[in-house]
2 protein chains.
Amino acid sequence: MMNNSENFYSATFFLNASECNAQRIIPLPLLVQRLLETATLHSTALKAGPRELQSMGLAWVLSRLTMEMSSYPGMDSTFTIETWVESINRHFTERCFRIIDNQGNTLGNVRTVWVAIDIAGRHAADITELMSHVTPTPGLCPVKRQLKIPSVTDPDLVRRHRFNYCDIDFNRHVNSTRYIETILNDRGVEFFDNHTITRFEIAYMNETHYADIVEIARHSDGCVSTVEITRDGTPVTRARVTYASEIH
Amino acid sequence: MMNNSENFYSATFFLNASECNAQRIIPLPLLVQRLLETATLHSTALKAGPRELQSMGLAWVLSRLTMEMSSYPGMDSTFTIETWVESINRHFTERCFRIIDNQGNTLGNVRTVWVAIDIAGRHAADITELMSHVTPTPGLCPVKRQLKIPSVTDPDLVRRHRFNYCDIDFNRHVNSTRYIETILNDRGVEFFDNHTITRFEIAYMNETHYADIVEIARHSDGCVSTVEITRDGTPVTRARVTYASEIH
């Protein structure tokens with residue numbers, strides 16, 4: 001199904017023991033990090049990477065991510081991430097991914113939405129010209145578009161969290177993967193011995209910065225946790241985590 | 001100076017924009033992670049990797065690390081880590097590293113000490129036989145052996161920290177790099193705009209686990225911060241961080 005044209009890009013990674021989580025598989029934040037790296041490499045190859053955008057006063061911002069995982073790369077395994085642009089609109093682009101083991105089996109599929117923001121003006125930029133030479137490839141990704149993740153109104157857990165120096169990325173915002181860590185950290189090691197994430201959806205709604213203090217509210221129902229991160233009442237991130245088995 | 005025999009191992013990495021810190025260089029915890037990966041790859045090639053040790057009921061534990069850095073890999077740069085075993089004793093092995101840019105310039109040198117612990121008995125194992133086929137290479141590493149890092153008796157900062165799910169590694173201890181994060185997180189983004197770490201020393205003294213709450217005490221003097229992490233009064237980790245310029 002894949003070809004080697006510049007419309008597709010793939011990167012292969014080895015999961016070192018020292019990178020694994022307590023379950024001896026790839027930590028979800030690291031898997032998302034690998035997706036971001038592969039996206040960066042592809043967008044750079046397409047002459048629409050972070051450096052090109054920076055020279056135009058723009059930056060790519062991840063807006064939504066939906067992952068559907070049947071299995072995860074394990075300790076000492078090699079895996080490949082394939083990526084392509086699925087659609088391009090004036091203000092956002094959809095980029096999809098397939099995660100494949102070294103036998104060619106699909107471990108998971110991912111759909112993401114990216115917005116190019118004007119750094120000075122803090123508004124979405126028109127990316128029509130920037131992406132005019134990129135040919136989108138629709139129809140390959142089995143992951144449906146993300147449905148709205150609701151606010152958490154009946155939480156079973158509420159806590160506060162401060163973002164620190166090591167949470168900040170090269171654009172001086174909280175790194176996208178650090179919200180995922182924060183969400184997973186509401187559960188313990190033994191919980192993850194018994195619960196595998198089969199679907200993970202996150203919407204990045206507003207940025208946070210160094211020393212921001214956020215509130216995390218979680219509601220669990222059946223196999224699904226909904227998590228909302230807010231700062232002074234403003235939604236920052238919402239996520240929906242689906243486990244293979246019931247939470248209780 | 002280096003050769004390609006099995007006594008030496010080198011791995012090359014690309015620093016993706018999405019991995020960089022606010023200063024657009026490699027985060028120190030990620031650089032240490034890359035050192036650990038390279039060590040794991042070399043020890044595996046030497047048939048003394050985590051899997052071999054696990055089959056013997058043992059695990060490698062990083063005991064001390066001393067880094068001397070003149071510069072750090074920057075955004076979109078390629079760098080190489082060379083590693084070799086410097087010495088082997090009955091209970092520990094010294095492993096050294098050189099970090100090199102893609103022009104062959106040395107960015108930094110690192111000395112580490114590793115102990116193989118008996119997982120069931122929680123004591124240091126005799127590694128004489130395990131390492132009998134490995135030829136150490138003394139004299140190459142310019143980093144001196146780590147001097148004892150004192151306890152912090154006159155702190156200018158004390159705080160408490162809880163280790164969470166994402167801090168736990170494949171051996172179910174707190175990941176070595178997470179202590180480094182915790183130490184750096186006592187400073188802010190703007191501090192690191194003006195202060196570069198030229199020397200970083202850490203001694204791992206006792207393990208911590210999921211949900212452990214530790215106390216972090218820091219004392220600063222001139223260009224040097226000394227940090228001690230304790231759990232219920234027991235020292236867990238001590239570090240000495242030297243900056244290129246005075247802290248105040």
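Higher on the page you've got the structure.
Residues numbered from 1 in each chain as written. Chains lettered and ligands numbered in written order. Predicted model: local features only at pLDDT ≥ 70, side-chain atom pairs only at ≥ 80, totals over all residues. Heavy atoms only, no water.

Undergrad: Looking at this structure, how should I read the relation of the copies chain B and chain A?
TA: Relating one copy of the chain to the other takes a rotation about an axis and a shift parallel to that axis. Screw-axis analysis of chain B against chain A gives a translation of 0.0 Å along the axis, an RMSD of 0.0 Å, and a rotation angle of 180°. This pairing of chains is accounted for by a two-fold axis. Of the residues that chain B buries at the interface, 100% are likewise interface residues in chain A, meaning the two copies contact each other through the same surface. (Least-squares fit on C-alpha atoms with pLDDT ≥ 70 in both. Contact = heavy atoms within 4.5 Å.)

Undergrad: Would you mind going over the packing of helix 1 (residues 28–45) of chain A against helix 3 (residues 176–184) of chain A with me for this structure?
TA: Between two packed helices, both the angle of their axes relative to each other and the distance between the axes serve to describe the pair. Residue and element names in this part refer to chain A. Taken N-terminus to C-terminus, the directions of helix 1 and helix 3 make an angle of 165°; their axes are 9 Å apart at the nearest point. Taken together, the axes of helix 1 and helix 3 lie roughly antiparallel to each other. The handedness of the crossing between helix 1 and helix 3 is right-handed. Every residue of helix 3 that contacts helix 1 at Leu-28, Pro-29, Val-32, Gln-33 and Leu-36 is listed here: Ser-176, Thr-177, Ile-180, Glu-181 and Leu-184. Class assignment for the residues of the contact of helix 1 with helix 3 results in six nonpolar, three polar and one charged. (Axes fitted to C-alpha atoms, helices over the stretch in contact; angles between N-to-C directions. Helix = DSSP H or I, 4+ residues; strand = E, 2+ residues; numbered from the N terminus. Parallel < 35°, antiparallel > 145°, perpendicular 65-115°, else oblique. Left-handed = near helix turned anticlockwise from the far one by under 90°. Nonpolar A, V, L, I, M, F, W, Y, C, P; charged D, E, K, R; others polar.)

Undergrad: Which parts of the structure should I look at to understand the nonpolar core?
TA: As a rule of thumb, soluble globular proteins bury nonpolar side chains together. Met-67, Ile-99 and Phe-200 of chain A together with Met-67, Ile-99 and Phe-200 of chain B are the most contacted members of the largest nonpolar core, which has 130 residues in total. Not counting residues within four places of it along the chain, the set of residues in contact with Ile-99 of chain B comprises Leu-31, Leu-35, Met-67, Met-69, Phe-79, Thr-80, Ile-81, Asn-105, Thr-106, Leu-107, Gly-108 and Val-110 of chain B. (Core = buried A, V, L, I, M, F, W, Y, C linked by side-chain atoms within 4.5 Å. Buried < 20%, exposed > 50% of the residue type's maximum accessible area, 1.4 Å probe, protein only.)

Undergrad: Mind showing me how you'd approach the interface of chain B and chain A here?
TA: Many authors give the size of an interface as the accessible area that is lost as the parts come together. Taken together, the 41 residues of chain B in the interface contact 41 residues of chain A. Of all residues in chain B, Tyr-165, Phe-170 and Arg-172 of chain B bury the most surface against chain A, accounting for 21% of the area lost on that side. Applying the counting rule to chain B against chain A returns eight salt bridges. Note that Asp-193 of chain B is salt-bridged to Arg-172 of chain A, the shortest N-O span being 2.4 Å. The tally of links from chain B across to chain A stands at 26 residue pairs in polar contact (both at pLDDT 80 or more). Among the secondary structure elements, those contributing two or more residues to the side of chain B that touches chain A are helix 1 (28–45), helix 2 (50–55), helix 3 (176–184) and helix 4 (189–194) of chain B. Looking at which element gives the most residues to the side of chain B that touches chain A, the answer is helix 1 of chain B, with seven residues. (Buried area = accessible area lost by both parts, 1.4 Å probe. Salt bridge = Lys/Arg side-chain N within 4 Å of Asp/Glu carboxyl O. Polar contact = N/O pair within 3.5 Å; in protein donor to acceptor, adjacent residues only side chain to side chain.)

So far we have only geometry, and geometry alone does not tell us how the molecule works.
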